[in-house]
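# Examining the three-dimensional arrangement
Listed below, chain by chain, are the residues.
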Amino acid sequence: HLIQVDSVQRWMEDLKLMTDCECMCILQSKPISVEKDEQNELMLSSQYSTCDNLQLLLKRAWIISTELTRIAQKLEKSRWQRVHSLTVRVNCHVRSMINEYNTFTRNSSEEMHQFEKLLIDKCSEFTAFTERCIQTEDEQILKSMKSCINETLTTVAQYFGQLIELVLTHEAQNLLRQVELSDSVYVTESAISSLFSLTQEGAHLCRIIAKEGGVVTLFKICRQDCFRCLYPQTLRTLASICCVEEGMHQLEKVDGILCLADILTDNSHSEATHAEAAAVIAQITSPHLTFTQHLSSFLENMEEIVTALVKLCQEASSGEVFLLASAALANITFFDTMACEILLQLNAMKILLAACSDKRIVDTPYSRDQVVTILANMSVLDQCASEIIQGNGIQLLMEMLFEKSSSGSSAEVAACERVQQKSAVTLARLSRDPEVADAAVKLSCIPRLIKLCRSPTERNNSDSVLVACLAALRRLAVMSPDGLEDADFQQLVKPRLVDSFLLCTNMEESFV
């Protein structure tokens, strides 16, 4: 019996998305009546998870948002028939969204019900307006009604936006309340999973969760031993929330960095937990964020965090773990220059170079990008040159100048460009040391740099790779002028950098 009820309920759910708008207009708000007891059983037997319901809500909200944009475009062109049909469709979707939401929500606020009523009334008014427009052919009347319809459209969009904001805030509050109040690992895990799904919908949802105290609540989980099995999932959700400024402020207020340092330095935690903690560190120290400067507590814990991350790189059992740990280290070297000195003391250069020879651990351009970022930032230190030579690092940098994408995806191609650029930058910086320059010349770095400068396809038409290669070539040419032919010297080394750059960017592939 339960299976049959579930099948019927699923069919009804599918039917809502398959029916025509006109049918939905007639049938909306007219559910199939059932006895009270049966209704409860029906809901329980086929209840979707909160995550599924929210995904359905967000999908419906995205459709409505898209349709409102299309109405504005058609209205601009005075395509009244199209405007009306789209308005009817929006009306249907709004009512369906509200009905769907009210079937699974709990404790809706009075404010939410008011906005639902305002939105439905305004949508009905909107439909009536556009219906009048298709019934008249008087251009003057249509022209005068256009501004009125525009105003109504703006109001509908405003009410819709406010209602969605209230709904998402309400759901975030419910999920966070579940996390805070539940003693059950299963319930807590389900709520955290739903929160993580919400964070993947964009920065706006991350802000809502952060404002509702999501960071504080999740760090409470990370401080309770009874929830140790949930640490990886919790930390992954925290990393997502901390992509917005509100999340970072919350993290600083609850001493989140100290908690992360404790997790990273505690050997009793699993590798997965350490890796996810590294992911949070990588997120909050990202050089792309403009609001990391207030992380004063990070400097206090930096040495033990860096030490733990180097250890995680050394002991990583998979490429994914190494990527997260090395990404955190790479970002930290941008965050504070003292990190490079700590890395040098920890013999990190040797560990990273050794990892690069293990294709099981450093298995993608993304991982090599993190390693070469660390090498580039460390190469400003004079002591770095001898470490690089001892670890066969010049050979690695030479290999990285040949980095190519295997999949051809835009993300991987971009990562390959970064690897080429940063390896050239590192060579340029290290070549102030005659021993490094000599090793680079012996490994035929000069011909490869010339090839990257002269052949746009070798560098994937990247200007940043070109500039870095020109800089490295000029540094090596000072140390070994005999390694260049006269034409290369005249075109790539002797002129101003900008002139060589312009020459190479305008160069045809057939140039000899």
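What you see is a predicted model, and the numbers here were worked out from it, not measured in a lab.

### Considerations on the overall build of the protein chain
Scanning the protein chain from N- to C-terminus turns up 27 helices and zero strands. Looking at the 512 residues of the protein chain, the share that counts as buried comes to 49%. The long-range fraction of contacts in the protein chain, counting pairs at least 24 apart against all pairs at least 6 apart in sequence, stands at 74%. Roughly 25000 Å² of accessible area belongs to the protein chain as shown, and the carbon and sulfur atoms make up 52% of that amount.

### Description of the nonpolar core
Counting residues in each nonpolar core, the largest one holds 151 residues, and the members touching the most others are Phe 219, Ile 281, Ile 284, Ile 305, Leu 309, Phe 322 and Ile 332. Considering each element in turn, this core owes the most residues, 16 residues, to helix 7 (residues 139-181). Here Ile 281 is in contact with Leu 260, Leu 264, Phe 298, Ile 305, Leu 309, Ala 328 and Ile 332, once residues within four sequence places are set aside.

### Here's the deal with helix 8 (residues 185-199)
The terminal C-alpha atoms of helix 8, which comprises 15 residues, lie 21 Å apart, in line with the 21 Å expected from a rise of 1.5 Å per residue. Of the residues making up helix 8, those classed as buried are Thr 188, Ala 191, Ile 192, Ser 194, Leu 195, Ser 197, Leu 198 and Thr 199. The backbone nitrogen of Tyr 186 has a side-chain oxygen 3.2 Å away, supplied by the residue at the start of helix 8, namely Ser 184.

### A look at unusual backbone geometry
The phi dihedral of Asn 347 is positive, around 60 degrees, even though this residue is not glycine. By secondary structure assignment, the location of Asn 347 is in the loop between helix 17 (338-345) and helix 18 (348-356). One non-glycine residue, Asn 461, lies in the positive phi region at around 60 degrees. Mapped onto the fold, Asn 461 is located in the loop between helix 24 (445-454) and helix 25 (463-479).

### Observations regarding empty space enclosed by the protein
Rolling a probe over the atoms, with the probe sized like a water molecule, indicates the empty space that remains. Applying the stated rule across the entire model yields one cavity of 30 Å³ or more. Those elements that place two or more of their residues in the lining of the largest cavity are helix 5 (80-104) and helix 7. Broken down by class, the residue content of the lining of the largest cavity amounts to seven nonpolar, no polar and one charged.

### Details of the packing of aromatic side chains
Taken as a whole and assessed by the stated rule, the structure comprises two aromatic pairs. Centre to centre, the rings of Phe 115 and Tyr 159 are 6.2 Å apart; their planes meet at 70 degrees, and the pair counts as edge-to-face. Of this pair, Phe 115 sits in helix 6 (residues 110-134) while Tyr 159 sits in helix 7, and the two are 44 residues apart along the sequence. Assessed through its relative accessible area of 13%, Phe 115 is described here as buried. The exposure class of Tyr 159 is buried, given its relative accessible area of 18%. Taking 5.1 Å as the distance between ring centres and 80 degrees as the angle between the ring planes, the aromatic pair formed by Phe 298 and Phe 335 counts as edge-to-face. Remark: Phe 335 occurs in helix 16 (residues 319-335) and Phe 298 occurs in helix 15 (residues 296-315); sequence separation between them is 37 residues. Given a relative accessible area of 0%, Phe 298 falls into the buried group.

### Focus: the packing of helix 19 (residues 365-378) against helix 21 (residues 393-400)
For the pair helix 19 and helix 21, the least separation of the axes is 12 Å and the interaxial angle reads 130 degrees. Our classification of the angle between helix 19 and helix 21 gives oblique. Remark: the crossing between helix 19 and helix 21 carries left-handed chirality. Residues Arg 368, Val 372 and Leu 375 of helix 19 form the contact with helix 21, whose participating residues are Leu 396, Leu 397 and Met 400. Residue composition of the contact of helix 19 with helix 21, by class: five nonpolar, no polar and one charged.

### Considerations on the environment of Val 321
Within the secondary structure, Val 321 is located in helix 16. The residues contacting Val 321, other than those within four sequence positions of it, are Glu 271, Ala 275, Leu 312 and Ala 316.

### Structural notes on helix 7
Compared with the 63 Å implied by 1.5 Å per residue over 43 residues, the 62 Å span of helix 7 between its first and last C-alpha is a close match. Its axis deflected by about 30 degrees at Lys 146, helix 7 carries its strongest bend there.

### A word on the state of the cysteines
Going through the model one piece at a time under the given rule, you end up with zero disulfides. Unpaired in this structure, Cys 259 has its nearest cysteine sulfur neighbour in Cys 222, at a distance of 5.4 Å. Free cysteine Cys 504: the closest other cysteine sulfur is in Cys 453, separated by 5.2 Å.

### Examining the environment of Glu 116
Assignment of secondary structure puts Glu 116 in helix 6. Once the C-alpha coordinates of Glu 116 and Gln 162 are considered, the two residues, 46 residues apart in sequence, prove to be 9.9 Å apart. If near-sequence neighbours (up to four positions away) are discounted, Glu 116 is found in contact with Ile 98, Tyr 101, Asn 102 and Leu 163.

Parameters at a glance
- Residues numbered from 1 in each chain as written.
- Predicted model: local features only at pLDDT ≥ 70, side-chain atom pairs only at ≥ 80, totals over all residues.
- Heavy atoms only, no water.
- Helix = DSSP H or I, 4+ residues; strand = E, 2+ residues; numbered from the N terminus.
- Buried < 20%, exposed > 50% of the residue type's maximum accessible area, 1.4 Å probe, protein only.
- Contact = heavy atoms within 4.5 Å.
- Areas by Shrake-Rupley, 256 points an atom, 1.4 Å probe, with all protein chains shown as cover.
- Core = buried A, V, L, I, M, F, W, Y, C linked by side-chain atoms within 4.5 Å.
- Expected span 1.5 Å × (residues − 1).
- Polar contact = N/O pair within 3.5 Å; in protein donor to acceptor, adjacent residues only side chain to side chain.
- 1 Å grid on protein atoms, 1.4 Å probe; cavity = no way out; pocket = protein on both sides within 12 Å on 5 of 7 lines; lining within 4 Å.
- Points joined across faces, edges and corners; volume = space filled by probe spheres on them.
- Nonpolar A, V, L, I, M, F, W, Y, C, P; charged D, E, K, R; others polar.
- Phe/Tyr/Trp six-rings, centres within 6.5 Å; stacked < 30°, edge-to-face > 60°.
- Axes fitted to C-alpha atoms, helices over the stretch in contact; angles between N-to-C directions.
- Parallel < 35°, antiparallel > 145°, perpendicular 65-115°, else oblique.
- Left-handed = near helix turned anticlockwise from the far one by under 90°.
- Bend = angle between axes of the 7 residues up to and from the residue.
- Disulfide = S-S within 2.5 Å.

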